[in-house]
Amino acid sequence: MARYDLPKLRKTLNMTQKELARLLNVTQGFLSSVENGRNPFPDDRVDDLQSVFPDVDLSDYEVSNPAVQTTIGSGNSQSDITVNDPATLKAMMQIIRETNKDEQQVVEGASSRLFEMQDRIMALTDELEKTRKEKYELKDEIFRLQDLLRENGIDYTKKSATQ
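All of these numbers come straight from a predicted model, not from anything done at the bench.

**Student:** Which residues make up the overall build of the protein, and what are the values?
**Tutor:** Along its length, the protein carries 5 helices and 2 strands. Taken from N to C terminus, the helices and strands of the protein fall in the order α-α-α-α-β-β-α. A total of 163 residues make up the protein; the buried ones form 16% of that total. Within the protein, counting contacts between residues at least 6 apart in sequence, those at least 24 apart form 51% of the total.

What follows is the structure, given as structure tokens:
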């Protein structure tokens, strides 16, 4: 995709960005992103550009080695950051590393707590199973004792919980 120095072209022809966007049937936001180097001018739209400026040699405005966008932010002086500045890059990488380290510590802590909870659940499940087994063993023993009493002719009465 070719890149054109559209601001220079517009200024040469005394045209605003809004006017050019309207003539090209694109949004002003898109045209702005092309002019600021965030997007290249689409090859399939070069004919549209040439039809807007039939008497202009567009090759005069073609940028052979496009400049890499070196700032990020909203474009105001308070938010621009020079990306090619080694100190800024180093600071940004340090922030990313610290953020990743903090996130990793949170994940590791959560994983550790999860494993502890799983171990506790397993222990409680084992304890529940053991208690159920004891319950059934006690019921079996009660039935065995009742049978033994009946076999020996001993009368027994079952006490209710309210007595």
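**Student:** How would you sum up helix α3 (residues 28-35)? Please name residues and give values.
**Tutor:** Inspection of α3 places Leu 31, Ser 32, Ser 33, Val 34 and Glu 35 among the buried residues, and these make up the whole buried set. Of the surrounding elements, those touching the buried residues of α3 are α1 (6-12) and α2 (17-24). Once α3 ends, the next one or two residues include Gly 37, with phi positive near 80 degrees.

**Student:** Kindly report on unusual backbone geometry, identifying the contributing residues and their values.
**Tutor:** A positive phi angle, close to 55 degrees, is found at Asn 14, a residue other than glycine. Along the chain, Asn 14 turns up in the loop between α1 and α2. With phi around 60 degrees, Asn 25 is a residue other than glycine that occupies positive phi space.

**Student:** Lay out the packing of α2 against α3 with the relevant residues and their values.
**Tutor:** Here α2 crosses α3 at 110 degrees, and the two axes come no closer than 9 Å. The angle between α2 and α3 places the two elements in the roughly perpendicular class. The interaxial crossing formed by α2 with α3 has right-handed handedness. Here Gln 17, Lys 18, Leu 20, Ala 21 and Leu 24 of α2 come into contact with α3, specifically with Gln 28, Leu 31, Ser 32 and Glu 35. Its residues assigned to classes, the contact of α2 with α3 shows 4 nonpolar, 3 polar and 2 charged.

**Student:** Tell me what's going on with helix α5 (residues 86-151), and back it up with residues and numbers.
**Tutor:** Look at α5: 96 Å from first C-alpha to last across 66 residues, which is about the 98 Å you get at 1.5 Å a residue. After α5 finishes, the residue Gly 153 shows a positive phi value of roughly 70 degrees.

**Student:** Outline the side chain of Arg 10, supporting the account with residue identities and numerical values.
**Tutor:** Structurally, Arg 10 is set in helix α1. Arg 10 gets classed as buried once you look at its relative accessible area, which sits at 11%. A polar contact of 2.6 Å, which involves the side chain of Arg 10, links it to the side chain of Glu 35.

**Student:** Could you give an account of the pattern of salt bridges, naming the residues involved and the relevant values?
**Tutor:** Scanning the model with the defined rule gives 4 salt bridges in all. Across the pair Asp 48 and Arg 45 runs a salt bridge, and its minimum N-O distance is 2.6 Å. The exposure class assigned to Asp 48 is partly exposed, which follows from its relative accessible area of 29%. The shortest N-O distance in the salt bridge between Arg 144 and Glu 141 comes to 2.6 Å.

Definitions and cut-offs
Residues numbered from 1 in each chain as written. Predicted model: local features only at pLDDT ≥ 70, side-chain atom pairs only at ≥ 80, totals over all residues. Heavy atoms only, no water. Helix = DSSP H or I, 4+ residues; strand = E, 2+ residues; numbered from the N terminus. Buried < 20%, exposed > 50% of the residue type's maximum accessible area, 1.4 Å probe, protein only. Contact = heavy atoms within 4.5 Å. Axes fitted to C-alpha atoms, helices over the stretch in contact; angles between N-to-C directions. Parallel < 35°, antiparallel > 145°, perpendicular 65-115°, else oblique. Left-handed = near helix turned anticlockwise from the far one by under 90°. Nonpolar A, V, L, I, M, F, W, Y, C, P; charged D, E, K, R; others polar. Expected span 1.5 Å × (residues − 1). Polar contact = N/O pair within 3.5 Å; in protein donor to acceptor, adjacent residues only side chain to side chain. Salt bridge = Lys/Arg side-chain N within 4 Å of Asp/Glu carboxyl O.

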